[in-house]
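Observations on the three-dimensional arrangement
The residues making up each chain are set out below.
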Amino acid sequence: MLQTLTFLFLTSTSLVQSICHKGCDLALASYYTVPAGNDINSISKFINTSPTNILKYNPNTTFRPFTRINLPFRCDCIAHEFLGHVFNYVLTSVDIYETIAQERYANLTTADWIQRFNYYDPNRVPDGSNVNVTVNCSCGDGSVSREYGLFLTYPLRPGETLHSVSWAANLSSELIRSYNPDANFSQGSGLVYIPWRG
């Protein structure tokens, strides 16, 4: 089933590309909140949207540290190569690409990817600079599943397993595995795509 989806997969060892033809108006990403500076107002600035728009996709969620929330954003076909979205982030004096990827964007991207889509030397990025933060996403595909209109971009965290991810998503492990046949759910990093009703 996954062969028909047009994803760009990030792995620790390789980059697998497929060509996309168009994006979509809505994609969702799972964002893991951490205590320092990740309140709803900060998160809305990171993803260039309003707190109200985030709340619309999290109607029964209490915003507190160490919880996951769903973030809505547009999913574009970038350079006809992959599905993703480029967020604009204004760098502060305490930021490096790694903290932007891990803390501001909750591992939805990597420092290597931020470097790939910016021309700044990662050791010499001027304060106040606009940094492109590229995040992978997926559009729903009726040819893959008529039941699920979206796929949630889900960054794995240390300690998670296929069982814990399926329990949190309230989906069967078999269904999630079918859309992520090569994913190592126990590695504690990387992206998987969770079927989501749109």
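As shown above, the structure is provided for reference.
In short, a report on the structure. Note that the structure is predicted; figures quoted are calculated from it, not measured. (Residues numbered from 1 in each chain as written. Predicted model: local features only at pLDDT ≥ 70, side-chain atom pairs only at ≥ 80, totals over all residues. Heavy atoms only, no water.)

1. Some thoughts on the overall build of the protein
Regarding its fold elements, the protein presents six helices and eight strands. The linear arrangement of helices and strands in the protein, starting from the amino end, is β-β-β-α-α-β-β-α-α-β-β-α-α-β. Considering only residue pairs separated by 6 or more positions, the protein has 66% of its internal contacts joining residues 24 or more positions apart. When the accessible surface of the protein is summed, it comes to about 10300 Å², and 51% of that surface belongs to carbon and sulfur atoms. (Helix = DSSP H or I, 4+ residues; strand = E, 2+ residues; numbered from the N terminus. Contact = heavy atoms within 4.5 Å. Areas by Shrake-Rupley, 256 points an atom, 1.4 Å probe, with all protein chains shown as cover.)

2. Looking at the state of the cysteines
Enumeration over the complete set of coordinates arrives at three disulfides. Residue cysteine 20 pairs covalently with cysteine 77 via a disulfide, S to S 2.0 Å. Looking down the S-S bond of the cysteine 20 and cysteine 77 bridge, the torsion is 90°, so its handedness is right-handed. Here the residue cysteine 20 occupies a position in the loop between β2 (15–16) and β3 (24–32), and cysteine 77 occupies one in strand β4 (residues 68–78), the gap between them amounting to 57 residues. For cysteine 20, a relative accessible area of 1% puts it in the buried group. Sequence-ordered numbering of the bonded cysteines in the protein yields a pairing of 1-4, 2-6, 3-5. (Disulfide = S-S within 2.5 Å. Buried < 20%, exposed > 50% of the residue type's maximum accessible area, 1.4 Å probe, protein only.)

3. Focus on the packing of aromatic side chains
The tally for this structure, following the rule as stated, stands at 11 aromatic pairs. Here tyrosine 89 and tyrosine 105 contribute two aromatic rings whose centre-to-centre distance is 6.0 Å and whose plane-to-plane angle is 75°, an arrangement assigned as edge-to-face. With tyrosine 89 in strand β5 (residues 82–90) and tyrosine 105 in the loop between α3 (97–104) and α4 (111–116), this pair connects stretches of sequence that are 16 residues apart. Ring centres of tryptophan 113 and phenylalanine 117 lie 5.1 Å apart, and the angle between their planes is 50°; on these two criteria the pair is classed as tilted. Since its relative accessible area comes to 22%, phenylalanine 117 is described here as partly exposed. Ring pairing ties together the aromatic residues Phe46, Phe73, Phe87, Tyr89 and Tyr105, which thus form one cluster. (Phe/Tyr/Trp six-rings, centres within 6.5 Å; stacked < 30°, edge-to-face > 60°.)

4. Some words on the nonpolar core
Tyr31, Ile100 and Val133 are the most contacted members of the largest nonpolar core, which has 32 residues in total. Secondary-structure elements contributing two or more residues to this core are β3, α1 (40–46), β4, β5, α3 and β6 (130–136). Every residue in contact with isoleucine 100, bar those within four places of it in the chain, is listed here: Tyr89, Leu91, Asp95, Tyr105, Ile114 and Val133. If you look at the next biggest cluster of nonpolar residues, it comprises 20 residues, including Leu152, Leu175, Ile176 and Tyr193. (Core = buried A, V, L, I, M, F, W, Y, C linked by side-chain atoms within 4.5 Å.)

5. A short note on α3
Of all the residues in α3, the buried ones are Tyr97, Thr99, Ile100, Ala101 and Arg104. Residues of α3 that are buried sit in contact with β3, α1, β5, α4 and β6. After α3 finishes, the residue alanine 106 shows a positive phi value of roughly 50°.

6. So, unusual backbone geometry
At alanine 79, a residue that is not glycine, the phi angle is positive and equals roughly 55°. Here alanine 79 is to be found in the loop between β4 and β5. Residue classification places alanine 79 among the exposed positions, given a relative accessible area of 56%. A positive phi angle, near 65°, is found at asparagine 107, a position not held by glycine. Within the fold, asparagine 107 resides in the loop between α3 and α4.

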